[in-house]
Amino acid sequence: MSTTSPMPERILVLWADESSPNLGVAVLARGSRDLLRRAYPHAEFTFANFGSAPRQIPWGAPRSLVRERLLPRFGMQKYFADFSLIWDTRSGDSFADIYGLRRHLTMGLVHEFASEARTPIAMAPQTIGPFNTRRGRALARRNLARSRFVFSRDPESTRVSAELGRTPDLTTADLVFAIDQPAVGQTRDVLVNVSGLLWNDNPHVPADIYRRVITETVEHLRAAGREVALLAHVLDSPMADNDVPAIRSLAAQLGEDIELVVPTSLDSVRETIAGARVVVGSRMHACLNALSVGVPAVPLAYSRKFAPLLNSVGWTTGFDLRTDDADTLPRRVETAVAQVDRSAAQQAAATGRRTLDDIVALLGAAG
């Protein structure tokens, strides 16, 4: 049976945008496009995200969406109906109530009203949950039930979805593994990704501990004779969690010449990563970008989403900033960098691509 279909002709990709300075969000957009184009080679794509909302969908606040649904002014329902498929990414990890009910409700209402326009909706490979509130679980249950397809990107998310009454159609890897392979950039030894999110006050780990761990990690690596470059995985922008000020601040603290790598696009960061021997990453998609091109990664996790995603492609190397001892972590990271296996990273890349092949086959068969 052919795995391609001439339909759908128009696809709306929600909550992802290739122009986003957060390259994790850009990964979702590019991965969605590259994956869906294999199933629907003639499709036209429209991307909609918080910074690029179509005028027909007033998602500035949940009440605005409800008002438009009840008293139409902008043509939201017709807008949804003009698409033949809606691909709902939820920003990769926002199908949850841990970021606040307002965000969950806004995204959930867009899904609800799109389904009322009778346009098929697919929940793209993503983290599902956690849902810690009654309202959060109720909305998630309804969104899942009204989805034509549900794809989870890790076994824990599959379990959460099943408990809400909708077993995912497939459990796959992250969409980064669907992106076409990049050219290989300049050869570098160790790229250390410094997270602007964690460098400043944040709800995940104490910023002072993170700064100490990442600083001492670089010092240990250089003392061991490794050449280190600091990598931003969020582009320079006014965003509060911009990585560029973080790598500059770390370089100033080190008081020595050290290369700073500031990419200008998703393509440039993937080319840069492809030329490295190993990536130490505090951004999840810095690590996933590395594995997707066969480069070993040593993650410094700060949330639940890291381990299941990495384990799903057979990659178990990594640490957790929330639970690992900060005093010993820099030395352990340096040891892990010395022991990483490039062939295992290449196998992880192959595993990730293979799981996403199953989505292409399923969508093609569905027509």
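These lines cover the structure that appears in this document, whether it is placed above or below. (Residues numbered from 1 in each chain as written. Predicted model: local features only at pLDDT ≥ 70, side-chain atom pairs only at ≥ 80, totals over all residues. Heavy atoms only, no water.)

1. A short note on the pairing of strand 3 (residues 85-88)
Here is the rule: For the exposure calls, accessible area comes from a 1.4 Å probe over protein chains only, and a residue counts as buried if that area is under 20% of its type's maximum, exposed if over 50%, partly exposed in between. A run of DSSP states H or I qualifies as a helix once it reaches four residues; a run of E qualifies as a strand once it reaches two. Both are numbered from the N-terminal end. Pairing between two strands requires that DSSP report at least two bridges joining them. Handedness of a crossover is defined as follows: with both strands directed away from the viewer, a clockwise route from the first strand across the helix to the second makes it right-handed.
Side-chain alternation along strand 3 places Leu85 and Trp87 on one buried face and Ile86 and Asp88 on a second face that is also buried. Judged from the three bridges that link them, strand 3 and strand 4 (residues 121-126) form a sheet pairing that is parallel. Counterpart to Asp88 in the pairing with strand 4 is Met123. Note on the crossover from strand 3 through helix 4 (residues 101-116) to strand 4: the handedness is right-handed.

2. Thoughts on the layout of surface pockets
Applicable threshold: Lining residues are those with an atom within 4 Å of a point, where the points come from a 1 Å grid over the protein atoms alone and group into cavities, where a 1.4 Å probe fits but cannot get out, or pockets, open sets with protein on both sides within 12 Å along at least five of seven lines. Grid points are joined across faces, edges and corners, and a volume is the space filled by probe spheres set on the points. Residues are grouped as follows: Ala, Val, Leu, Ile, Met, Phe, Trp, Tyr, Cys and Pro are nonpolar; Asp, Glu, Lys and Arg are charged; every other residue, Gly included, is polar.
Looking at the largest pocket, its volume works out to about 830 Å³. Around the largest pocket, the lining is made up of 33 residues, and of these Asn22, Asp93, Tyr99, Tyr302 and Lys305 lie nearest the centre. Element by element, the count of residues in the lining of the largest pocket is highest for helix 1 (residues 23-39), at three residues. For the lining of the largest pocket, a count of residues per class yields 13 nonpolar, 13 polar and seven charged.

3. A short note on the sheet that holds strand 8 (residues 228-231)
A sheet is described by the order of its strands in space; here six strands give the open sequence 9-8-7-10-11-12, paired in parallel fashion. Bordering the open sheet on either side are strand 9 (259-261) and strand 12 (319-320), each of which pairs with just one other strand. With three bridges connecting them, strand 10 (residues 276-281) and strand 11 (residues 297-301) associate as parallel partners. The residue of strand 11 that forms the bridge with Gly281 is Pro299.

4. Observations concerning the nonpolar core
Applied cut-off: Joining through side-chain atoms within 4.5 Å is the link that ties buried Ala, Val, Leu, Ile, Met, Phe, Trp, Tyr and Cys residues into a set, and such a set is a nonpolar core. Contact between two residues is taken to exist if any of their heavy atoms lie within 4.5 Å; hydrogens are not considered.
Counting 91 residues, the largest nonpolar core has Ile11, Trp87, Val192, Val194, Leu230 and Leu363 as the members making the most contacts within it. Take this core: its biggest share by element is eight residues, from helix 1. In contact with Leu230, other than residues within four places in its own chain, are Val192, Val194, Val218, Ile247, Leu250, Ala251, Ile258, Glu259, Leu260 and Val261. In this structure, Leu12, Ile86, Met107 and Phe113 belong to the second largest nonpolar core, which totals 19 residues.

5. A look at unusual backbone geometry
Backbone geometry follows two general trends: most residues other than glycine have a negative phi, and most peptide bonds adopt the trans configuration. Here the amide bond leading from Gly129 into Pro130 is cis, since omega sits at 5°, within 30 degrees of zero. Looking at where Pro130 falls in the secondary structure, it is placed in the loop between strand 4 and helix 5 (134-145). Positive phi values are uncommon outside glycine, yet Trp15 reaches one of about 65°. Summarising the element assignment, Trp15 is placed in the loop between strand 1 (10-14) and helix 1. For Trp15, a relative accessible area of 0% gives the class buried. The phi dihedral of Arg90 falls on the positive side, at around 50°, and the residue is not glycine. In this fold, Arg90 is placed in the loop between strand 3 and helix 4.

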